[in-house]
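Each chain, written out:
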Amino acid sequence: MPDIKRVGVCGSGLMGSGIAQVSAAAGFEVAVFEVDQAALDRGMAGIKKSLDKFVEKKALSEADRDATLKRFKTTTNLDDLKESDLVIEAIVENMPAKKELFKKLDVLLAPHAIICSNTSSLCVIEMAAATKRPQQIAGLHFFNPVPLMKLVEVVKTIVTSQETIDTLFAFAAKLGKKAILAQDTPGFIVNRLLVPYLLYAIRMYESGLASKEDIDEGMKLGCGHPMGPLTLLDFVGLDTTYYIAEIMFDEFKDPLMAPPPLLKRMVLAGHYGKKSGKGFYDYT
């Protein structure tokens, strides 16, 4: 089983910076690649802020925070990832962009290196097909916020080797995460169950069956969920949910996975949820 010492992360957005943070905190040397310096600076500022919060809450010592920050190398040159034993891609959810990146990484990395995608919905084997090492390609789907969420889905394609899967399970354990094995189908395990539930909550609200507050309170108090479905949609991002739902409906043709008209209209209006200031609730 390959020994992972150096981790490369492509993308320093919300997910990429979170993955980089937990990797460095677990003792791995981490190289973070981003297309421009401004995006890198934003990502690193987010990591520092997150680590400072852990120090404030006495969940991390100042010495450990400083040691974690020293394990980072940031770059706008993909070649700086060439020493990585594992590279995790967390760029935009766009298949041509991901395939292009996987092709470049395949040429750049040592033969033993594993390449993973943090995609939440796209077909991993399609990315693997852009490389000459498809048996060393898998999905490694983290959940937001990465430093707090304990789960990671390890996504096995029809050609991913068992050695790759075992290595990724061991890696997840070193990060303090619980890994579960998913097959390479849209939505994997969690979103395959979660997305139809969220979409049905929108349909209930859209058809006037209940107020948004009552739908959310019902699921919180009746099912013990930490937040209701419409609040959760605002946190996940309505645009993200719409995009995942379209991919899942395209694959399975299941009406439960079809985006409701209200979701489409809210996305067209720019009401993406918390990140835009307005979704089902107002955050301005």
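Residues numbered from 1 in each chain as written. Predicted model: local features only at pLDDT ≥ 70, side-chain atom pairs only at ≥ 80, totals over all residues. Heavy atoms only, no water.

**Remarks on the overall build of the chain**
Rules: Secondary structure counts use DSSP, requiring at least four H or I residues in a row for a helix and at least two E residues in a row for a strand, with both numbered from the N terminus. Two things to know: the radius of gyration comes from C-alpha atoms, and the globule rule equals 2.2 Å times the number of residues to the power 0.38. Exposed residues in this analysis have more than 50% of their type's maximum accessible area, buried residues have under 20%, and partly exposed residues fall in between, with area computed by a 1.4 Å probe over protein chains only. Contacts are residue-level and defined by heavy atoms, with any inter-residue pair within 4.5 Å sufficient. In these tables, accessible area is a Shrake-Rupley quantity obtained with a 1.4 Å probe, and a residue counts as shielded only by the protein chains included in the view. Residues counted as positive are Lys and Arg, residues counted as negative are Asp and Glu, and His and the chain ends are not counted. Here the site of a charge means NZ on Lys, CZ on Arg, CG on Asp, or CD on Glu.
Within the chain one finds eleven helices and eight strands. Expected size for 284 residues packed as a compact globule is a radius of gyration near 19 Å; at 19 Å, the chain falls within 12% of this value. Principal-axis analysis of the C-alpha atoms gives the chain an extent of 55 × 45 × 35 Å. In the chain, which comprises 284 residues, the share counted as buried stands at 47%. At a minimum sequence separation of 6, the contacts of the chain that also span at least 24 residues come to 67%. Carbon together with sulfur atoms contributes 58% to the accessible area of the chain, which is approximately 13600 Å² in total. Measuring between centres, the 34 positive side-chain charges of the chain sit 2 Å from its 35 negative side-chain charges.

**A word on a nonpolar patch on the surface**
Just so we agree on the cut-off: Patches were defined on residues exceeding 30% relative accessible area and lacking a salt bridge, with like-charge contacts within 9 Å and nonpolar side-chain contacts (Val, Leu, Ile, Met, Phe, Trp, Tyr) within 5 Å. Each salt bridge in this description consists of a side-chain nitrogen of Lys or Arg and a carboxyl oxygen of Asp or Glu lying within 4 Å of one another.
A cluster of nonpolar side chains, Tyr200, Met204, Leu209 and Leu256, forms an exposed patch at the surface whose accessible area comes to about 390 Å². Tracing the sequence through the fold places leucine 209 in the loop between helix H7 (190-206) and helix H8 (212-223).

**Let's talk about the sheet that holds strand E6 (residues 137-142)**
Operational definition: One bridge is not enough; two strands pair if DSSP finds at least two bridges between them. Only the stretch in contact is used when fitting a helix axis, every axis being a line fitted to C-alpha atoms; angles between N-to-C directions are given from 0 to 180 degrees.
With respect to topology, eight strands assemble into an open sheet ordered E3-E2-E1-E4-E5-E6-E7-E8, the strand pairing being mixed. Sheet topology places strand E3 (72-75) and strand E8 (178-183) at the edges, where each strand pairs with a single neighbour. Across the sheet, the mean angle from the axis of one strand to that of its neighbour is 25°, orientation sign disregarded. Across four bridges, strand E2 (residues 29-33) lies against E3 in parallel orientation. Bridge pairing in E3 links alanine 31 to lysine 73. Along the sheet, helix H4 (residues 95-108) contacts strand E1 (6-10), strand E4 (86-89), strand E5 (114-117) and E6; its crossing angle with E5, the most-contacted strand, is approximately 165°.

**Structural notes on the pattern of salt bridges**
Considering all chains together, one arrives at ten salt bridges under this definition. Across the pair aspartate 52 and arginine 65 runs a salt bridge whose closest N-O atoms are separated by 3.0 Å. Within this pair, whereas aspartate 52 is found in helix H2 (residues 37-56), its partner arginine 65 is found in helix H3 (residues 62-70), the two being separated by 13 residues in sequence. Looking at aspartate 52, the relative accessible area reads 31%, which means it is partly exposed. The salt bridge involving arginine 65 is made with aspartate 66; its shortest N-O contact spans 3.2 Å. Looking at aspartate 66, the relative accessible area reads 35%, which means it is partly exposed. By sharing partners, the salt bridges in this structure join Asp52, Arg65 and Asp66 into a single network.

**As for the pairing of strand E7 (residues 151-156)**
Heads up, the condition is: Looking down the strands as they point away from you, a crossover is right-handed if its path from the first strand over the helix to the second goes clockwise.
By the criterion of burial, E7 is predominantly enclosed, with five of the six residues buried. Two strands pair when backbone bridges link them, and E6 and E7 are joined in this way by four bridges, in the antiparallel orientation. Looking at E7, one finds that leucine 140 is bridged to valine 154. Across six bridges, E7 lies against E8 in parallel orientation. Across the sheet, the residue bridging to glutamate 153 is isoleucine 180, located in E8. The β-α-β motif built from E7, the intervening helix H6 (residues 162-174) and the parallel element E8 has right-handed crossover chirality.

**A short note on the environment of phenylalanine 102**
Within the secondary structure layout, phenylalanine 102 lies in helix H4. Distance in space between the C-alpha atoms of phenylalanine 102 and glutamate 89 is 8.5 Å, their sequence separation being 13 residues. The residues contacting phenylalanine 102, other than those within four sequence positions of it, are Glu89, Ile115, Cys116, Ser117, Met127, Thr131 and Ile137.

None of this, on its own, says anything about what the molecule does.
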